[in-house]
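This is what each chain is made of:
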Amino acid sequence: LAKTTQPISMDSYEGQEVNITCSHNNIATNDYITWYQQFPSQGPRFIIQGYKTKVTNEVASLFIPADRKSSTLSLPRVSLSDTAVYYCLGMRGNQGGKLIFGQGTELSVKP
Amino acid sequence: GAVVSQHPSWVICKSGTSVKIECRSLDFQATTMFWYRQFPKQSLMLMATSNEGSKATYEQGVEKDKFLINHASLTLSTLTVTSAHPEDSSFYICSASSDRGPDTEAFFGQGTRLTVV
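Residue positions are counted from 1 within each chain, in the order its sequence is given. By the order in which they are written, chains take letters starting at A while ligands take numbers starting at 1. A pLDDT threshold of at least 70 governs which residues receive local features in this predicted model, and a stricter bar of 80 or more applies before side-chain atom pairs are shown or counted, although totals over entire chains, interfaces and linings include all residues. Side-chain metrics rest on all non-hydrogen atoms present in the structure, leaving aside hydrogens and water.

Trainee: A description of a nonpolar patch on the surface should follow, citing residues and the corresponding values.
Mentor: A surface patch of nonpolar side chains, amounting to about 370 Å² of accessible area, comprises Trp10(B), Ile12(B) and Val117(B). Within the secondary structure, Val117(B) is located in the segment after strand 11 (112–116). Each patch is built from salt-bridge-free residues with over 30% relative accessible area, joining like charges within 9 Å and nonpolar side chains (Val, Leu, Ile, Met, Phe, Trp, Tyr) within 5 Å. Surface accessibility follows the Shrake-Rupley procedure with a 1.4 Å probe radius. Residue values consider only the protein chains on display as shielding. By salt bridge we mean one thing: a side-chain nitrogen of Lys or Arg within 4 Å of a carboxyl oxygen of Asp or Glu. Here a helix means four or more residues in a row that DSSP labels H or I, a strand means two or more in a row labelled E, and each is numbered from the N terminus.

Trainee: So what about the interface of chain A and chain B? Which residues, and what values?
Mentor: Any two residues whose heavy atoms approach within 4.5 Å are treated as being in contact. Contacts between the two partners involve 22 residues from chain A, matched on the other side by 23 residues from chain B. Carbon and sulfur atoms supply 53% of the area buried between chain A and chain B, which totals about 1700 Å² over both sides. Our count for the contact surface shared by chain A and chain B stands at 2 salt bridges. What qualifies as a polar contact is a pair of N or O atoms within 3.5 Å, subject to a donor-acceptor requirement within protein and to the restriction that residues adjacent in sequence count only when both atoms come from side chains. Inspection of the chain A/chain B interface yields 7 residue pairs in polar contact (both at pLDDT 80 or more). Sorting the residues of the side of chain A that touches chain B by element identifies strand 3 (31–38), strand 4 (45–50) and strand 8 (84–92) of chain A as the ones contributing at least two each. No other element matches strand 3 of chain A, which puts 3 residues into the side of chain A that touches chain B. A quick way to say it: buried area is the sum, across both parts, of accessible area lost when two parts are put together, with a 1.4 Å probe.

Trainee: Report on the state of the cysteines, specifying residues and quantitative values.
Mentor: A disulfide bridge is the covalent bond that connects two cysteines by way of their sulfur atoms. When the sulfur atoms of two cysteines come within 2.5 Å, that pair is taken as a disulfide. Going through the model one piece at a time under the given rule, you end up with 2 disulfides over all chains. In this model Cys22(A) forms its disulfide with Cys88(A); the gap between the sulfur atoms is 2.2 Å. As the torsion about the S-S bond is roughly -80°, the Cys22(A)-Cys88(A) disulfide counts as left-handed. Separated by 66 residues along the polypeptide, Cys22(A) in strand 2 (residues 18–23) and Cys88(A) in strand 8 bring together distant segments of the chain. Two residues, Cys23(B) and Cys94(B), share a disulfide whose sulfurs are 2.0 Å apart. When the S-S torsion is 80°, as for the bridge of Cys23(B) with Cys94(B), the disulfide is right-handed. Of this pair, Cys23(B) sits in strand 3 (residues 19–25) while Cys94(B) sits in strand 9 (residues 90–98), placing them 71 residues apart in sequence. The buried label applies to any residue whose accessible area, calculated with a 1.4 Å probe on protein chains only, is under 20% of its type's maximum; exposed applies above 50%, and partly exposed to all values in between. A residue is classified by how much of its surface remains accessible, and Cys23(B), at 0% relative accessible area, is buried. For Cys94(B), a relative accessible area of 0% translates into the label buried.

Trainee: Before we move on, can you summarise the pattern of salt bridges with the specific residues and values?
Mentor: This structure, assessed with the given rule, holds 5 salt bridges over all chains. A salt bridge links Lys98(A) to Glu59(B); the nearest nitrogen and oxygen atoms lie 3.7 Å apart. Highlighted residues: Lys98(A) in the loop between strand 8 and strand 9 (105–110) and Glu59(B) in the loop between strand 6 (57–58) and strand 7 (67–73), drawn from two different chains. For Lys98(A), a relative accessible area of 22% translates into the label partly exposed. Under the relative-accessibility criterion, Glu59(B) is labelled partly exposed at 23%. Residues Glu22(B) and Arg24(B) are paired through a salt bridge, measuring 3.5 Å at the closest nitrogen-oxygen approach. Since its relative accessible area comes to 35%, Arg24(B) is described here as partly exposed.

Take a look at the structure:
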């Protein structure tokens, strides 16, 4: 499964848009790029998943360039409750949900 | 989305005793579940893959005799930490997959905080 690299931490203020970029140079052709959110003392929660171009849901947008070697999670107008660790992963359908987590990005949203 | 439930949410046990953690998929069947461990300020580390009706597959460096996994039904996997010691204190998390082919999503339990004293 793809090795991913993300910034260790990011700071933001309420109401700002936050973009977290993830590098995955060796992503396989059949890997989907998936982002999870984790609050302290909770299990990770699925945010968004995509293969290429742009995906948007009610929580976030995911931008994936044509070469798929990186991706950017975009959180519009963050609030204090978005303070969490965000993980980027390559996820393969035939792995049945087996995930290898990288270090993640600790996002701190300040008032 | 699908719901995965862990029990207990937290447990404190004495050194040398064994602790069992349950992971249930509440509204779907999971032939495969996964167990992770997470130390403070660190990422999740995959411990093992739990297969219904067969032996678990352990990741390198994880002691299979210490972390016993049983997956007796399509909705329940258990992790037993045997002869627990303080260094086993950690946050244990399970996940299960609702397999939709390429668009597979893994659902996580809320985690179990184990403290060994």
